[in-house]
Amino acid sequence: MIETTSTSLKNDTIEASATPKNPQHPMEKNEINNNNDAAKPSTWTVKQTPQDSSFVPTLGVFLFLGWNGILVFLILYTSLVATKTQRSVIIGLSTLSLVLPRGFPGKLGFKAGNWFMFQSAKYFGLKTVLEDENAIDEIKDKAAIFACEPHDIIPYYAFAFNPILKRLPGHHGERNSVLVTSALFMLPFIRHVYTWVRANRVDKTTFLGNLKKGESFCFIPGGVQEVMFMEEADDNEVILYLQKRKGFVKLALETGSPIVPVYCFGVAGSYGHWIPKGDFFNKLGRAIGFL
């Protein structure tokens, strides 16, 4: 199992990250502890990036995750305030973004994506715990499916799997991607940014393609559907939507691919939110590929 933690944007503290089997979880040490044989901490590999929320890391995170807000602003500005010339420029650039290949402008875009990842690791104080790194490293000739939870509003912790951060051993750390909702690749600007940080569509074709090529990936089984139930949860509860999300287990069995469970501590409650309710919004979400 892999665990990740990140500093909450809302509370400025790291949520409890202890596992039930070991109350003295060494999450605060960038080392391997060999003192508790009962809990097998000798197999834990902990890596942490010191938190830095200064201007440069903040800018990197804004350019990585801030495009949702930027698009909302552009829509409102274009509709209510923009002059005819400004409206033409905004619509023209948005259209151009949808026409250009997702990976445009090639190496320069991926270089920017690597920079986003480094700055995000600093801003969130990324910490990863591999409970048995050797077990992952021993998966030599096939892909591994890293099944992550929870989703929450924005599962920003998934960037921990980006190869540039070198958090996984062997070929899993060298060739890894994050599979996300296909709807993100239909949005201008966002489609490029997520491609630069090595994200791809979470559909059956991509899923099987990666497994056949032996390229590991991570994804969130509960997906955006978990967000729709967040209003029903208490403050001390985390929503996981897994009961009807077992298709990936079938694909893993068919291809002989191991599943590695991943849980992120500290992501719950990071963002304030309002969730629209009703069948209309559920149907709309499914129609555009978000659910």
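Sequence order sets the numbering: in each chain, residues are counted from 1 along the sequence as written. pLDDT decides what is reported in this predicted model: residues at 70 or higher carry local features, side-chain atom pairs at 80 or more are listed and counted, and totals for whole chains, interfaces and linings draw on all residues regardless. Here the side-chain values reflect all heavy atoms present in the structure, with hydrogen atoms and water set aside.

Enquirer: I'd love a proper account of the overall build of the protein chain, names of residues and values included.
Expert: Runs of H or I in DSSP of at least four residues are treated as helices and runs of E of at least two as strands, each being numbered from the N terminus. Along the backbone of the protein chain there are ten helices and eight strands. The buried share of the protein chain, reckoned over its 291 residues, is 47%. Accessible surface area values rest on a Shrake-Rupley calculation with a 1.4 Å probe, where residue burial reflects the displayed protein chains alone. Working note: accessible area of the protein chain is about 15400 Å², and carbon and sulfur atoms make up 60% of it. Residue burial is assigned from relative accessible area. The probe radius is 1.4 Å, only protein chains are included, and a residue is buried under 20% of its type maximum, exposed over 50%, and partly exposed in between.

Enquirer: Explain the environment of Lys-213 to me, using residue names and the numbers behind them.
Expert: Take Lys-213: it is sitting in helix 8 (residues 204-213). Accessibility expressed as a relative area gives 56% for Lys-213, which makes it exposed. Distance from Lys-213 to Ala-143, taken between C-alpha atoms, is 7.7 Å for residues 70 residues apart in sequence.

Enquirer: Which residues make up the pairing of strand 3 (residues 127-130), and what values do they have?
Expert: The alternating pattern of strand 3 places Lys-127 and Val-129 and Thr-128 and Leu-130 on opposite faces, both of which are buried. Taken together, the four bridges between strand 1 (residues 2-5) and strand 3 define a ladder with antiparallel strand orientation. Across the sheet, the residue bridging to Ile-2 is Leu-130, located in strand 3. Strand pairing is assigned whenever DSSP identifies at least 2 bridges connecting the two strands. Bridge analysis of strand 2 (residues 45-48) against strand 3 gives four bridges, and the strand direction is antiparallel. Looking at the pairing, Lys-47 lines up with Thr-128 of strand 3.

Enquirer: Please set out helix 3 (residues 84-99) residue by residue, giving values where relevant.
Expert: A helix is expected to span 1.5 Å for every residue after the first. Spanning 16 residues, helix 3 covers 22 Å between terminal C-alpha atoms, matching the ideal 22 Å at 1.5 Å per step. Ile-90, Ser-94 and Ser-97 are the residues of helix 3 that are buried. For helix 3, the arc enclosing every buried residue in end-on projection is 60°, short of the 170-degree limit, so these residues lie on one face. Of the exposed residues in helix 3, those oriented more than 90 degrees away from the buried face are Lys-84, Thr-85 and Val-99. Along the arc lie the directions from the helix axis toward the C-beta atoms.

Enquirer: Provide a residue-level description of the side chain of Gln-119, including the pertinent values.
Expert: Here Gln-119 lies in helix 4 (residues 107-124). Contacts are assigned to residue pairs that have any heavy atoms within 4.5 Å of one another. Apart from the residues within four sequence positions on either side, Gln-119 is in contact with Val-56, Pro-57, Gly-60 and Val-61.

Enquirer: How would you summarise a nonpolar patch on the surface if you had to cite specific residues and measurements?
Expert: For patch building, the residue pool is restricted to those with more than 30% relative accessible area and no salt bridge; the joining distance is 9 Å between like charges and 5 Å between nonpolar side chains (Val, Leu, Ile, Met, Phe, Trp, Tyr). Each reported salt bridge corresponds to a side-chain nitrogen of Lys or Arg within 4 Å of a carboxyl oxygen of Asp or Glu. Together, Phe-55, Val-56, Leu-59, Phe-62 and Trp-115 give the surface a local cluster of nonpolar side chains, amounting to about 480 Å² of exposed area. Tallying contributions element by element places helix 1 (residues 55-65) first for the nonpolar patch, with four residues. With respect to the helices and strands, Leu-59 occurs in helix 1.

Enquirer: Describe the sheet that holds strand 2, and please don't skip the residues or the numbers.
Expert: Strand order in the open sheet formed by eight strands is 2-3-1-8-4-7-5-6, and the pairing between neighbours is mixed. Only two strands of the sheet have a single neighbouring strand rather than two, namely strand 2 and strand 6 (199-201). Across this sheet, the average inter-strand angle for adjacent strands is 25°, counted without regard to direction. Sheet topology places strand 4 (residues 145-149) next to strand 8 (residues 259-265); five bridges connect them, and they run parallel. When the sheet's bridge partners are listed, Cys-148 is paired in strand 8 with Val-262. For helices, the fitted line uses only the C-alpha atoms of the stretch in contact; every axis is such a line through C-alpha atoms, and the angle between N-to-C directions lies from 0 to 180 degrees.

Enquirer: Could you give me a rundown of the nonpolar core, with the residues and numbers involved?
Expert: By size, the foremost hydrophobic cluster in this structure holds 47 residues, and its most contacted members are Ile-2, Phe-64, Leu-65, Phe-146, Phe-159 and Phe-161. Mapped by element, the contributors of at least two residues to this core are helix 1, helix 2 (67-80), helix 4, strand 4, strand 5 (176-180), helix 7 (190-196) and strand 8. Ranked by the residues each element gives to this core, the list is headed by helix 4, at five residues. Beyond its immediate stretch of four places on either side in the chain, Ile-2 contacts Val-129, Leu-130, Ile-136, Phe-146, Phe-161, Leu-168, Val-260, Pro-261, Val-262 and Tyr-263. Only buried residues count toward a nonpolar core, which is a set of Ala, Val, Leu, Ile, Met, Phe, Trp, Tyr and Cys residues joined through side-chain atoms within 4.5 Å.

Enquirer: Give a description of the packing of helix 2 against helix 3 that names residues and reports values.
Expert: Remark: helix 2 packs on helix 3, axes separated minimally by 9 Å, with the N-to-C direction vectors making an angle of 145°. In this structure, the crossing between helix 2 and helix 3 has a hand that is left-handed. Residue-level contacts link Leu-74, Tyr-77 and Thr-78 of helix 2 to Gln-86, Arg-87, Ile-90 and Ile-91 of helix 3. Ten residues, namely Ala, Val, Leu, Ile, Met, Phe, Trp, Tyr, Cys and Pro, are considered nonpolar, four, namely Asp, Glu, Lys and Arg, are considered charged, and the remaining ones, Gly among them, are considered polar. Looking at the contact of helix 2 with helix 3 residue by residue, the classes come out as four nonpolar, two polar and one charged. By definition, turning the near helix anticlockwise from the far helix through less than a right angle yields a left-handed crossing, and turning it clockwise yields a right-handed one.

Enquirer: Account for the state of the cysteines, naming residues and giving values.
Expert: We call a pair of cysteine sulfur atoms a disulfide whenever their separation is within 2.5 Å. Using the criterion set out here, one finds zero disulfides in the structure. Cysteine Cys-148 remains unbridged, with the sulfur of Cys-218 as its closest cysteine sulfur at 4.2 Å. Take Cys-148: its relative accessible area is 0%, and that puts it in the buried class. In this structure Cys-264 is not part of a disulfide, and its nearest cysteine sulfur, from Cys-148, lies 8.8 Å away.

Enquirer: Account for the packing of aromatic side chains, with residues named and values stated.
Expert: The geometry of an aromatic ring pair is captured by two quantities: the separation of the ring centres and the angle between the planes. For Phe, Tyr and Trp, rings pair up if their centres lie within 6.5 Å, where Trp contributes its six-membered ring, and each pair is then called stacked (planes under 30 degrees apart), edge-to-face (over 60) or tilted (otherwise). Applying the stated rule across the entire model yields 14 aromatic pairs. Relative to Phe-159, the ring of Phe-64 lies with its centre 6.4 Å away and its plane at 85°, an arrangement referred to as edge-to-face. Here Phe-64, found in helix 1, pairs with Phe-159, found in the loop between strand 4 and helix 6 (170-174); they are 95 residues apart in sequence, far enough to count as distant. Like Phe-64, the residue Phe-159 is buried in the burial classification. Taking 5.2 Å as the distance between ring centres and 90° as the angle between the ring planes, the aromatic pair formed by Phe-207 and Phe-219 counts as edge-to-face. Of this pair, Phe-207 sits in helix 8 while Phe-219 sits in strand 7 (residues 216-219); the two residues are twelve residues apart in sequence, bridging distant segments of the chain. Relative accessible area serves as the criterion here: at 7%, Phe-219 is assigned to the buried category. Here the aromatic residues Phe-64, Tyr-123, Phe-124, Tyr-156, Phe-159 and Tyr-194 are joined through ring pairs into a cluster of three or more.

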